[in-house]
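A look at the structure
Okay, here's what each chain looks like letter by letter:
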Amino acid sequence: MTLTALIALPLMGAGLVLIVGRVRPSSARVLALATASGSLLLTVLAVTLPAAISTPASAAVPWLLRADGLSLPLIGLTGILGVVAILASWGETRRAASHFALLLALQSAVTTVFLADDLILFYVAWEAVLIPMFFLIGVWGHENRRQAAMKFFIYTFAGSALMLVGLLVVVFTTGEVRMSALTAASLAPGTHDLVFWLLVAGFAVKVPVFPLHTWLPDAHVEAPVAGSIMLAGVLLKMGGYGLLRLALPLAPEAARAAAPLFATLGIIGIVYGAFVALAQTDLKRLVAYSSVAHMGFVVLAIAIGTPLALTAAMLGMIAHGLTAPLLFLLVGQLQDRTHTRELARLGGLMRPLPGWGTVFVFASLASMGLPGLAGFPGELVTVLEGYGAFGWWMVAVAGGIVLAGAYTLRAVRLVAFGPLPAEWAALPDLTFPEALATVPLVLGIVVLGVWPSLVADTVAPVASSIAHALGVG
Amino acid sequence: MSVLRTLPLVVVFVPVVVACLLAVGGRFVGRAAPWIALAGPLFAIGVGTASLDGGASGAVRWLGVGETAVRLGYHVDGLAAIMLLVVGVVSVCVIVFSIGYMRGDRGYVRYFALISLFTAAMAGLVIASDLVGLFLGWELVGACSFLLIGFWYERPEAAEAARKAFMVTRVGDAAMLVGMAVLWRATGTLELDAILGGVGALAPSVVTVAAVCLLLGAVGKSAQFPLHIWLPDAMEGPTPVSALIHAATMVAAGVFLVARTWPLFEASPEARLIALVLGTVTALGAATIALPQTDIKKVLAYSTISQLGFMFAALGVGAWPVALFHLVTHAAFKALLFLSSGSVIHGSGTQDLREMGDLRSKMPITATAWIIGGLALAGIPPTAGFFSKDEVVASVLQAAPWAGVALLAASVLTGAYVARATRLAFFGTARGAKEVHESQWTMTLPLLVLAVAALSLGLAGPMIARALGAESEALSLGIAAVAVGLAAAGAIGGWLLAADGGRREQALPPAFARMWGMVRNGYGFDTLATNVAVRPIAKLARFIDEAVDRAAIDGFVEGLAVAVRRAGALLAGTMNGDGQSYTALLAVGVIVLLAVTVWLVR
Amino acid sequence: MTSLVLSCTLIGIGLYGVLTRRDLVAVLASIEVMLGGAQVLLASYAAGVSVPAVGEGITVVVLATGAAEAAIGLALLVALVRRNKTRTDQIEEVRG
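Predicted model, so just to flag it, every value in this text is computed and none were measured.

Our next topic: the overall build of chain A. Counting secondary structure elements, chain A contains 17 helices and zero strands. On the principal axes, the C-alpha backbone points of chain A span a range of 70 × 60 × 40 Å. Looking at chain A as a whole, 67% of its 473 residues qualify as buried. The contacts in chain A between residues at least 6 apart in sequence include a share of 83% that link residues at least 24 apart. Total accessible area on chain A stands at roughly 14900 Å², and carbon and sulfur atoms take up 71% of it. Measuring between centres, the 22 positive side-chain charges of chain A sit 8 Å from its 20 negative side-chain charges.

Spelled out as structure tokens, the structure:
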């Protein structure tokens, strides 16, 4: 019942915010923040007290939700980002109440995706996520928002339509809708390949796996800052979650056969994303392509398939879910001040914005996988385990890591360092709410980097069982 | 002391806490920052002293699933203790020196926070008992180096140099990561004891691959050819930082890494040969480049590269305790030289040798310190450099005469460039425009401490060897005499070269002058690297962005969308509003469906 | 067999009228012819099977439908006449 509350609270909050927004627009954001904080509190409770979320033992009671090692880190991340996203749009003035209500609705839908044990509920939540996101991009976005919103919607919808067919095949051939009751054995042998690829179509677009990534930079560039945070932070994770939750356990043989392909696409994503990021002239696009590279690590780790590598995939997702939103948050705060994201026009911002600059350098170092910060454990283990599975391909991955340094340091050099253009000399540094928004992410990055077991030990049992199903554990 | 011995992790945690404290409470700390920052290095000295005969160890499970786990641990053995002492002593000197040197800088507290973080990372690096912990410290010192080189971030040169230093060393780090993966697959662990104890059971090819990968990491960190290009640029950082990071400690981490993983290299003659060749090439090449430099810090930078080359050559012939001995003495005298140059820069307001001259009369303490450091660098007895360099040259000569001869040639050049720089800066006539003054006591005191170390550490050879568990080498008098003679000859040459405040160099014949310029530019290797690596990568990135990502992949996606829209428009054309043509289509459809049904049922 | 041929002929004639006549009244009349064709077929089918009342029933339903259709069709026609549109090519509201 705590699980239901995790979904219901933000949803009810969204409704309340809409109503209150009619009467007293200025209170909407406070109410939204209170709701998000309450959800975070509940999430923390759910994550730390597994007893509170135990599902009924009797199979006779239909239970739509469940939380295990795959869900817990991701709902934790969703809870944190829910608060951050609301703080990030604290200064929003255009239809603020609707903005906050959509963010809460989005949080509710994403939480449902991560908690659903019912395939149909999973699908409904999966599509429900699109709707608030579509409006967030389409209404509060930048210049090209409509086109980007349509592209995002249609691209991901096309993927999930195929996924729906896959889910229906599962439901109709097995007569079972509960994920926890489904195993590879419950599927007819002939349908494994079909189900796997249909599901992958939906998940791969979401991740996104190269070459299905081109909706991502457009959506990110046009999205408002809170939209980017949620998009990079949790929406992309839905793809990785789906692969781990459904595609791999349901069709392990098909997954194993596809592993070399996935590894190749993951490695291409790492190197390719880095190369494209290196060429960007728009700071937000640069961060967007770094997401492609980081999710490439996740895809590679999933392709490796050992228990440790699958754990690394989750670590990579959580790490990216903390660093990319932090970077997008910072880019948004910068754009509020300069009204430009052009690297060529920026520079030397450490001087007028010491607080912002420090966090930006920190986030950049985290993004390039500096040890001691969140990105490192996942990348390290991916390379360690990857060498056993795919050998010298890891040299390409190492090259990608070098390139990650190249584009990140380029951004730092061009934005924070160097001479300060006269037009930015009087920019004000971060306000209190702005600084507050960065705090949970910064803390999370440090904690996860120093103590990855915090997440890894939660994931490990599930990772082991998936790897066992794959036959590599 | 025994407490320190059993709790060595204070060397990491104390400076981390200090760094956080300074970062958060910087506003309230103000002038007290350096004194707080001293805590970390002092603990390092304490733990180092207490653990010379071996200290505590421990480990925790850091990340894993079931049996497969990456563990993170520490082990303070003699090697780590010596490194802790080096790091601690040099850090203390540098921090005290910086009180005066950095006074009035707007980033005063930030500076000491970063230095503190650096000492934490460096201490973590040396006490790590596994490759993960080592790599953690390894990368963090790189990050601190990046932030400190770019400390004056508004200067484009500093910003560029910081990026370059991080990038070039990262190339080596990536190789190191691969090496770790190789070892992980072969042994299932990253703990040094387990790996190094089981080297005999590994296939020789695996050992060689792993050793070469680790060596590449060391080459990047220790600025060995061909990854040496970042160190001269790194001189854009504050001079005390150059002394601490880019002379005494971080750049020596490469030597430490090889020493730490020695059994791997012992089992791999190929990796040792690579170390020997790269070390020798670097020692000789960098010494030539140091000769024509006009920037006092650039002289020292190339000198550092050259001296690290000496250490790598010693590693290459298997004399790792000797390399470590030279590391220790080099840390002392090179930090001394850097801090002296810092004092010079502080007092004279320039770092161009051509604008100095006769500083000896105005800055007697600094001049004395510099000369002691210079003598040690040149390997003139009875300084520390004499003992360690003699051991290096002797062991290399024994094992690989060609490399030994090259090192002797490098010794000649060492004498020459240090004598030239000394005469240009401290002797002759004053050419600077600014009023020169001796530095305050907080700056000269560290010079004196390091000068004493540079004079006396030669006697520490046996102690270091004992801490490392190795035989101490006897002084080979014959080779020593030859080496000293050559260095002295080089020094006389360099002294003569620097006559008339460097005007003799400017009066060279044109052909020779061009060569002089080319050598000063490091044989144009920097430009070569830019043209061969940096530019093509940038060009490739732009090509992939424009041609592949935007045109091909996104073009396909957008094209698909356009195609769907076109097809829709085409079909919409049949909807002309005429009910009868709709009916006709309907009729045709019915007939077709009927026909198909009949055909199927048949 | 004969009734089948008759039915097809009636439907064919009706369809021809529906597709070619421009006058809405004629189109309506043609639709009635098609309905007649269908009824013929149903009635003959009813005669040929043992189960009674199925074909007859449907035929009656079709008759009723035809009457309703004629009534609504004529009502629509009147409405169109008021707007001065009694020819099929004048009606373009259903354009795609």
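What follows is about the interface of chain A and chain B. Taken together, the 65 residues of chain A in the interface contact 51 residues of chain B. Regarding the contact of chain A and chain B, the summed buried area is about 5000 Å², with carbon and sulfur atoms giving 72% of it. For the interface between chain A and chain B, the tally reads four salt bridges. Residues B:Glu558 and A:Lys151 are paired through a salt bridge, measuring 2.7 Å at the closest nitrogen-oxygen approach.

As a further point, take the arrangement of the chains. Of all two pairs of chains that touch, the greatest number of contacts is found between chains A and B. The two units chain A and chain C are non-contacting; their minimal C-alpha-C-alpha distance is 23 Å.

This part takes up the environment of B:Leu336. Residues and elements named next belong to chain B. Relative to the helices and strands, Leu336 is located in helix H18 (residues 320–348). Judged by relative accessible area, which is 0%, Leu336 ranks as buried. When the C-alpha positions of Leu336 and Ala451 are compared, they lie 6.5 Å apart, and in sequence the two are 115 residues distant. Discounting residues that sit within four places of it in the chain, Leu336 has contacts with Ala369, Ile372, Gly373, Leu447, Leu450, Ala451 and Ala454.

This part is about the packing of aromatic side chains. Scanning the entire structure with this criterion turns up 29 aromatic pairs over all chains. On the basis of an interplanar angle of 85° and a centroid distance of 5.2 Å, the ring pair of A:Tyr387 and A:Trp392 is categorised as edge-to-face. When the centroid spacing of 5.8 Å and the interplanar angle of 20° are considered together, the rings of A:Phe417 and B:Phe146 count as stacked. On the criterion of chain membership, the pair formed by A:Phe417 in the loop between helix H15 (393–415) and helix H16 (432–450) and B:Phe146 in helix H8 (residues 131–149) is interchain, its members lying in two chains. For B:Phe146, a relative accessible area of 2% translates into the label buried. Of the aromatic side chains, those joined through ring pairs into one cluster are B:Tyr108, B:Tyr111, B:Phe112, B:Phe151 and B:Trp152. Just above the ring of B:Phe310 sits the side chain of B:Lys389; from NZ or CZ to the centre is 5.3 Å.

Residues and elements named next belong to chain B. Pairing geometry for strand E1 (residues 57–65) and strand E2 (residues 68–75), over eight bridges, is antiparallel. Bridging across to E2, Gly64 finds its partner in Ala69. Linkage of E1 to E2, two consecutive antiparallel strands, is achieved through a turn of two residues, within which Gly66 is found at a positive phi near 60°.

Time to look at the packing of helix H6 (residues 78–101) of chain B against helix H24 (residues 461–468) of chain B. Residues and elements named next belong to chain B. With their axes 7 Å apart at the nearest point, H6 and H24 run at an angle of 135° to one another. Classed by the angle they form, the pair H6 and H24 counts as oblique. For the pair formed by H6 and H24, the contact residues are Gly78, Leu79 and Ile82 on the first element and Ile464, Ala467 and Leu468 on the second. Tallied by class, residues from the contact of H6 with H24 come to five nonpolar, one polar and no charged.

A few words on the confidence of the model for chain C. Scored by pLDDT, chain C has a mean of 81; 89% of the residues are at 70 or more. For this predicted complex, the interface score ipTM comes out at 0.91, while the overall pTM is 0.89.

By the element assignment, A:Glu385 lies in helix H14 (residues 375–390). Buried within the structure, A:Glu385 lacks any salt-bridge partner; B:Arg185 is the closest side chain of opposite charge, at an N-O distance of 9.8 Å. Once you skip the residues sitting within four places of it in the chain, A:Glu385 turns out to touch A:Ile304, A:Thr306, A:Leu308, A:Ala309 and B:Trp184.

Structural remark: α-helix, 3.6 residues per turn; residues separated by three or four positions point the same way. Look at helix H5 (residues 39–50) of chain B: 17 Å from first C-alpha to last across twelve residues, which is about the 16 Å you get at 1.5 Å a residue. Residues B:Gly40, B:Pro41, B:Ala44, B:Gly46, B:Val47, B:Gly48 and B:Ala50 constitute the buried set of H5(B).

Further remarks concern the pattern of salt bridges. Summed over all chains, the structure comprises 23 salt bridges over all chains. Across the pair B:Glu236 and B:Arg155 runs a salt bridge, and its minimum N-O distance is 2.6 Å. You can see B:Glu236 sitting in the loop between helix H12 (230–233) and helix H13 (239–248) and its partner B:Arg155 sitting in the loop between H8 and helix H9 (156–187), a full 81 residues away along the chain. Residues joined by salt bridges that share partners form a network here, namely A:Lys151, A:Asp218, A:Arg285, B:Asp554 and B:Glu558.

Examined against the element boundaries, A:Leu380 turns out to sit in helix H14. Considering only alpha carbons, one finds A:Leu380 and A:Gly369, eleven residues apart in sequence, at a separation of 8.9 Å.

We now examine a nonpolar patch on the surface. On the surface, a nonpolar cluster with roughly 490 Å² of combined accessible area is contributed by A:Val446, A:Val447, A:Val450, A:Trp451, A:Leu454 and B:Val60. With three residues, the top contributor of residues to the nonpolar patch is H16(A). Of note, A:Val450 is situated in helix H16. Overall, the relative accessible area of 46% leaves A:Val450 in the partly exposed class.

Conventions we followed
Residues numbered from 1 in each chain as written. Chains lettered and ligands numbered in written order. Predicted model: local features only at pLDDT ≥ 70, side-chain atom pairs only at ≥ 80, totals over all residues. Heavy atoms only, no water. Helix = DSSP H or I, 4+ residues; strand = E, 2+ residues; numbered from the N terminus. Buried < 20%, exposed > 50% of the residue type's maximum accessible area, 1.4 Å probe, protein only. Contact = heavy atoms within 4.5 Å. Areas by Shrake-Rupley, 256 points an atom, 1.4 Å probe, with all protein chains shown as cover. Lys, Arg positive; Asp, Glu negative; His and termini not counted. Charge placed at Lys NZ, Arg CZ, Asp CG, Glu CD. Buried area = accessible area lost by both parts, 1.4 Å probe. Salt bridge = Lys/Arg side-chain N within 4 Å of Asp/Glu carboxyl O. Phe/Tyr/Trp six-rings, centres within 6.5 Å; stacked < 30°, edge-to-face > 60°. Lys NZ or Arg CZ within 6 Å of the ring centre and 35° of its normal. Pairing = 2+ DSSP bridges. Axes fitted to C-alpha atoms, helices over the stretch in contact; angles between N-to-C directions. Parallel < 35°, antiparallel > 145°, perpendicular 65-115°, else oblique. Nonpolar A, V, L, I, M, F, W, Y, C, P; charged D, E, K, R; others polar. pLDDT = per-residue confidence, 0-100. Expected span 1.5 Å × (residues − 1). Patch = residues over 30% accessible without salt bridge, like charges linked within 9 Å, V, L, I, M, F, W, Y side chains within 5 Å.

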